[in-house]
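Results of the structural survey
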Amino acid sequence: MALEPSDEALVARVARKDVAAFATLYDRYARRVYAWSAHTLGSEEAEDVVQEAFLRLWDKAGQFDAKRGRFGSWFMAIARHQIVRQLRRRGTDQRVIAADEIERVLADASAHGRDLEAEVWAHEGAAAVRRAVTSLPQEQRRVIVLAYFAGLTQSAIAKVTGAPLGTVKKRTRLALQKLRERLADAQGSGWTETG
Amino acid sequence: MADEDMKEFEDAGVAEELAGALAIASPHRLPPELRGRVLRAAEARAGRSRVLALRRAWLRPVAAAAALVLVIGLVVWNVRLQQGLADERSLLQQLRDNAKESVIFEVIDSAGAQKVILRAAGPQRPGEDPPYGKLYTNANQTQAVIMGGRLPRPDANRVYHLYLTDRSGTTVDAGVLPVDASGFGYLIYETGIRGPSYTAARLYLQPADANAPGGTLVLAFEPR
């Protein structure tokens, strides 16, 4: 069985304008960008964001440096930039409503998380992080979702949640620590649990 | 989230997996037709890049040729500028060396001085620098000063004769311009009016007793 090329090998080919490599990276990452955009910006705008993020990948692939980090981190930072840029045109209230929905979807994994196709498709790390997010205390999950998915600053989160800024920072750090540990466990142990 | 937290979040790979986690749990499904649209857009960009690369390849020699022409033009312009400057210095220096009348310097070197260039009018001999001249007037003086350089030595029966035309169209005989062995000469013409102004100046090579324009036109400043 032939090994699947790594993301890093594919992005190097994209830098040489290899459409087949570009298509493979699209298949690996488009769904993540789309789901995030659809929850925060709506389905129609999500399609534009996906297209814009991937065209930026097409244009900027030569700038990716594997020594500085993983492709997935690099590309999702590009996608996040596109999404947050669109979100900034909307009011904080709309962003909070979108974040609330994401939080509900993540917490209620049992309702949607049995999608076999999704599980097969998903990187095992995503499944591990999903489980970790589900297990986070609600207030920690909320700050992560507001910060990452809705692009709110910690000061804005403090205002929205009514918690002191110091508390928001503490919750953020605790949540990050747990997510990181769960991800490291999953990657280190070759974790394949799906439920 | 603070910037350093976000960086740590992304470096640890948590960020991308968090987005993956949402994709697993989300009811939103990626529209299948979007894939073709994105790939076509990328291919279109690739096509544009190729066209641009071809254009750039074609433009490169043209740009290089244009740059070369520009450099040559600048060099020629600079040489002419230097030559003009040298001419100016040469004429003034010769005037200082030769002129005895202080009125010359009151006309050409004091406030209110104006000058026009007289250019060679006839066909030039190949390889020879053409003759040239300058006409000075001054708003505070009544004299006009005319200088000429590189003027060919006139034959025995002819002299350089200067004629000036004022705004009313009247042409006057300003006199004979004597020339030394180097081809340099100057003439002071008393106009009788303060701040004279002329629309044309012509230097003819003609018989010594002539008193009207005619003969060989050597230098001219013509109205535009």
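Below you will find a few notes about this structure. The structure presented is a predicted model; accordingly, all values stated were derived computationally and were not measured. (Residues numbered from 1 in each chain as written. Chains lettered and ligands numbered in written order. Predicted model: local features only at pLDDT ≥ 70, side-chain atom pairs only at ≥ 80, totals over all residues.)

Within chain B, the regular secondary structure consists of four helices and eight strands. If you list the helices and strands of chain B from N to C, you get α-α-α-α-β-β-β-β-β-β-β-β. Residues counted as buried form 29% of the 224 residues belonging to chain B. Excluding contacts between residues fewer than 6 apart, the proportion of contacts in chain B whose partners are at least 24 apart in sequence is 60%. (Helix = DSSP H or I, 4+ residues; strand = E, 2+ residues; numbered from the N terminus. Buried ≥ 20, exposed ≤ 12 C-beta atoms within 10 Å, placed from the backbone. Contact = placed C-beta atoms within 7 Å.)

Moving on to helix 1 (residues 7-15) of chain A. Along helix 1 of chain A, the residues classified as buried are D7(A), L10(A), V11(A) and V14(A). Angular distribution of buried residues about the axis of helix 1 of chain A spans 95 degrees; they occupy a single face of the element. (Arc of directions from axis to C-beta.)

This part covers the environment of A200(B). Residue and element names in this part refer to chain B. By the secondary structure assignment, A200 is in strand 7 (residues 198-207). Looking at A200, the number of C-beta atoms within 10 Å reads 17, which means it is partly exposed. Each C-alpha atom of the pair A200 and T171 lies 8.7 Å from the other, and the pair is 29 residues apart in sequence.

What follows covers the sheet that holds strand 6 (residues 185-190) of chain B. All names here are of chain B. Spatially, eight strands are ordered 5-4-7-8-1-2-3-6 in an open sheet, and the strand pairing comes out antiparallel. Both edges of this open sheet fall to strand 5 (171-177) and strand 6, since each of them pairs with a single strand only. Between one strand axis and the next, the sheet turns by 20 degrees as a mean value, whatever way the strands run. Across five bridges, the pairing between strand 7 and strand 8 (residues 216-221) is antiparallel. Bridged to L205 within strand 8 is T216. (Pairing = 2+ DSSP bridges. Axes fitted to C-alpha atoms, helices over the stretch in contact; angles between N-to-C directions.)

Our next topic: the nonpolar core. Membership of the largest hydrophobic core comes to 68 residues, with the highest contact counts inside it found for V14(A), L25(A), V33(A), V50(A), V129(A), L18(B) and L22(B). Tallying contributions element by element places helix 2 (residues 19-41) of chain A first for this core, with twelve residues. Ignoring any residue separated from it by four or fewer positions in sequence, one finds V50(A) in contact with A30(A), V33(A), Y34(A), S37(A), L34(B) and V38(B). If you look at the next biggest cluster of nonpolar residues, it comprises 30 residues, including I104(B), I108(B), Y160(B) and Y198(B). (Core = buried A, V, L, I, M, F, W, Y, C linked by C-beta atoms within 7 Å.)

With that out of the way, let us pick up helix 3 (residues 43-60) of chain A. Compared with the 26 Å implied by 1.5 Å per residue over 18 residues, the 26 Å span of helix 3 of chain A between its first and last C-alpha is a close match. Within the span of helix 3 of chain A, buried status applies to A46(A), E47(A), V49(A), V50(A), E52(A), A53(A), F54(A), L57(A) and W58(A). (Expected span 1.5 Å × (residues − 1).)

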